[in-house]
Amino acid sequence: MDPLRENAIYNERFVKVICVGAGASGILLAYKLKRSFNNYSLTIYDKNPEIGGTWYENRYPGCACDVPSHNYTYSFEPKLDFSSVYSGSKEIKSYFQGFIAKYGLQESIKTSHLITETQWDEEEGKWKVGVKDLSTGKVINDWCHILIHATGYLNKPAWPGIPGIENYKGIKLHSADYDESVSLEGKRVLLVGASSSAVQILPAIQPIVKRAKIFIRSPVWVLPDISSESGKFSPQQLQGFINNPQSVLEMRQNNERTMNSIFTMYMKGTVLQEQSKKLLTETTKKLLQDEEMERQLIPNFAVGCKRVIPSGYKYLATLKKENIDVVYGGVVSFTESGCISDNGQEHTGDVIICATGFNTSYVPSYPVIANGRNLQDEWRKSIMGYMGVGISEFPNTMTFLGPYTPVSNGPTLIAVEAQADYICSFIDRYQTEPKIHSFWPKKDACEEFKQHVASAMDKLVWTDKCRNSHNNHSVGGRVPTTWPGSTLHYLEAVREPHVEDWEIKYKGNRFSWLGDGVSQTEWDPTSDLGYYIRSADDGKPNSRRARTLAIAKTGTQPTRLLHRQEKLSGVEKPKVTSNDVPVNNGSVKSENVMKLL
């Protein structure tokens, strides 16, 4: 009798995946699975009525991308017709809507579905998932082999922990759940908060409000505006992008090269840190030309400790407008008519906008229970994640944008792509090794990883004297939860999973994946059964160094001066000498890549 197809090596058993969240991460997972996998089921649940995640939830006045729009895309899926350098939230959301439509991903997504509970069944090796259909109220009991959390960490509005908010009788708005039906025209507005959202809100509402008062507890570093037209592309430029996609590719590549060239700015005491601090201080002073405003608005902490905000000069200029009042301090309580600042003064207004960001505790909004442990309880005490993707000792569950993801030190979406590839590698292994029951990051690996992060953070700006989302808005608080390195560093770190950090539990003979001795190649009637015969060695390099250099296209760019950025120096580009280019330690001069291998 001939062999059976299902007995071939690495036969793909059925795998059922549930993903929580239909933002950029969940959408990408749907694409990756559809592109490469067979014999699987994917359901993406999202509590919101529309896809987009943070780009659905953030719709406050002036909300826009804070990296160049053409680079806020998946690396392989450009959008040629972004309307401006920093496009608004609706345009960003439309990009993801178009991506879903193009690749037919809608069938996997269920919006207005709220996850109420997730519980691991050890005997069955499955997650039981409780879901509430918010449109009907119906409760659904679903299950999966592998549970993916793609909720990100910017999805729970953080109202100020200040007494009296429920007593205020005016209109209360939050930047992360903004009611667009509210008109601010002619209103007196109290704007609480002075970080990324407030910097965009204030210039947007200033022309229409009667008066606005902003409460600035601590300043932020801001970058110059792109142009007086807020970076809008002209019709001629837009047509040029559409007619010449290569020009957009080159622009995207150059933007990424610039963003990836400045990581050492995030290291305390480096040349780039000092140059950026000096440059931003000088340019801010030139704009303000007011000693008191300079004293209050130029931070005394490192550049990058809080997120550096682009196009911020418009915000600084707005602070000097006639109908804008600035209170240099925080709010200690709310009243029926307004609030009281920390100097004891009472302030009244028709509308309060809390631009106080998100709950960045990483504690999930639904129970995640496995083996008698609830992740909510554990992460309230101490976060124990693994490289942005794993949860210590929680089986068959992984995260996008989990703790220790690089979210403030370079391009973010490429890190999400790297996480998608990492997650897919575990789904693939689970599917093609049928006796795998479960997998999880080992406790000792997570503990040692966190110890390394804590040690590395001593040298990085996120442990300077500022409140930020990584230290959960507490100076000297938790170990910062961003990645302790550059984005490129992260890509190299997660490119090849360290399987020794993971526990894999089998039920049955682990080598059953070998099947009956017939290969997948032999089961493909169109495959080349002699595929390994070649005229030259074009195989994958055998060392990590050589693989990394090949991926990075070494030798294709002009030699650069390491850890410097001409745009921050304020001086002419220095000449590169041979002493600036390391050799024989993993970096090389401009030889052809094949000579390196």
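Our subject in this report is the structure included herewith. (Residues numbered from 1 in each chain as written. Predicted model: local features only at pLDDT ≥ 70, side-chain atom pairs only at ≥ 80, totals over all residues. Heavy atoms only, no water.)

Okay, the sheet that holds strand 14 (residues 346–348) next. With antiparallel pairing, three strands are arranged side by side in an open sheet as 12-13-14. Two strands close off the open sheet at either side, each with one partner strand: strand 12 (331–334) and strand 14. Geometrically, the sheet is characterised by an average inter-axis angle of 30° between neighbouring strands, direction not taken into account. Judged from the three bridges that link them, strand 12 and strand 13 (residues 338–341) form a sheet pairing that is antiparallel. In the sheet register, V331 faces strand 13, and the bridge partner there is S341. (Pairing = 2+ DSSP bridges. Helix = DSSP H or I, 4+ residues; strand = E, 2+ residues; numbered from the N terminus. Axes fitted to C-alpha atoms, helices over the stretch in contact; angles between N-to-C directions.)

Working definition: the covalent bond between the sulfur atoms of two cysteines is a disulfide. A complete count under the given rule lists one disulfide for this structure. Between the sulfur atoms of C305 and its disulfide partner C466 the distance amounts to 2.1 Å. For the disulfide bridge between C305 and C466, the dihedral angle about the S-S bond is near -100°, and by the sign convention the bridge is left-handed. Separated by 161 residues along the polypeptide, C305 in the loop between helix 8 (291–297) and helix 9 (313–318) and C466 in the loop between helix 12 (443–457) and helix 13 (487–494) bring together distant segments of the chain. Residues C305 and C466 agree in their burial class; the two are buried. For C354, which is in no disulfide, the shortest distance to another cysteine sulfur is to C339 and amounts to 8.9 Å. Judged by its relative accessible area of 0%, C354 is buried. (Disulfide = S-S within 2.5 Å. Buried < 20%, exposed > 50% of the residue type's maximum accessible area, 1.4 Å probe, protein only.)

Attention now moves to the pairing of strand 15 (residues 351–354). Covered by surrounding structure in strand 15 are V351 and I353 together with I352 and C354, the residues of both alternating faces. One ladder, built from four bridges, connects strand 8 (residues 171–174) with strand 15; its direction is parallel. When the bridges of strand 15 are listed, L173 appears paired with I353. Where strand 9 (residues 188–192) and strand 15 come together, four bridges link them in parallel fashion. Bridge pairing in strand 15 links V189 to V351.

With parallel pairing, the five strands of this open sheet are ordered in space as 3-2-1-7-20. Edge strands, defined here as strands with exactly one partner in the open sheet, are strand 3 (109–110) and strand 20 (397–399). Here strand 1 (residues 15–20) pairs with strand 7 (residues 146–149) via four bridges, running parallel. Within strand 7, the residue paired with C19 across the bridge is I148.

Looking at the element boundaries, H347 is found in strand 14. On the basis of relative accessibility, which here comes to 1%, the residue H347 falls in the buried class. Looking at H347, its side chain comes within polar contact range of the side chain of S341, at 2.9 Å. Residues within four places of H347 in sequence aside, it is in contact with L190, K213, F215, V327, S337, G338, C339 and S341. (Polar contact = N/O pair within 3.5 Å; in protein donor to acceptor, adjacent residues only side chain to side chain. Contact = heavy atoms within 4.5 Å.)

What follows is about the packing of aromatic side chains. Applying the stated criterion to the full structure yields 31 aromatic pairs. On the numbers, 6.4 Å between centres and 90° between planes, the contact of Y72 with F96 is edge-to-face. With a gap of 24 residues between them, Y72 in the loop between helix 2 (54–57) and helix 3 (89–103) and F96 in helix 3 connect regions that are remote in the sequence. A residue is classified by how much of its surface remains accessible, and F96, at 0% relative accessible area, is buried. Aromatic pair Y386 and W502: ring centres 5.7 Å apart, planes at 85°, arrangement edge-to-face. One end of the pair, Y386, is in strand 18 (residues 385–386); the other, W502, is in strand 22 (residues 502–506), and 116 residues separate them in sequence. We note that Y386, like W502, is buried. Through pairs of rings, three or more aromatic residues link up here, namely Y31, W55, Y72, Y74, F76, F82, Y95, F96, F99 and Y103. For K79, the ring lying beneath its charged end belongs to F82, and the centroid distance is 5.4 Å. A cation over an aromatic ring shows up here: K126 above the ring of W143, its NZ or CZ 4.2 Å from the ring centre. (Phe/Tyr/Trp six-rings, centres within 6.5 Å; stacked < 30°, edge-to-face > 60°. Lys NZ or Arg CZ within 6 Å of the ring centre and 35° of its normal.)

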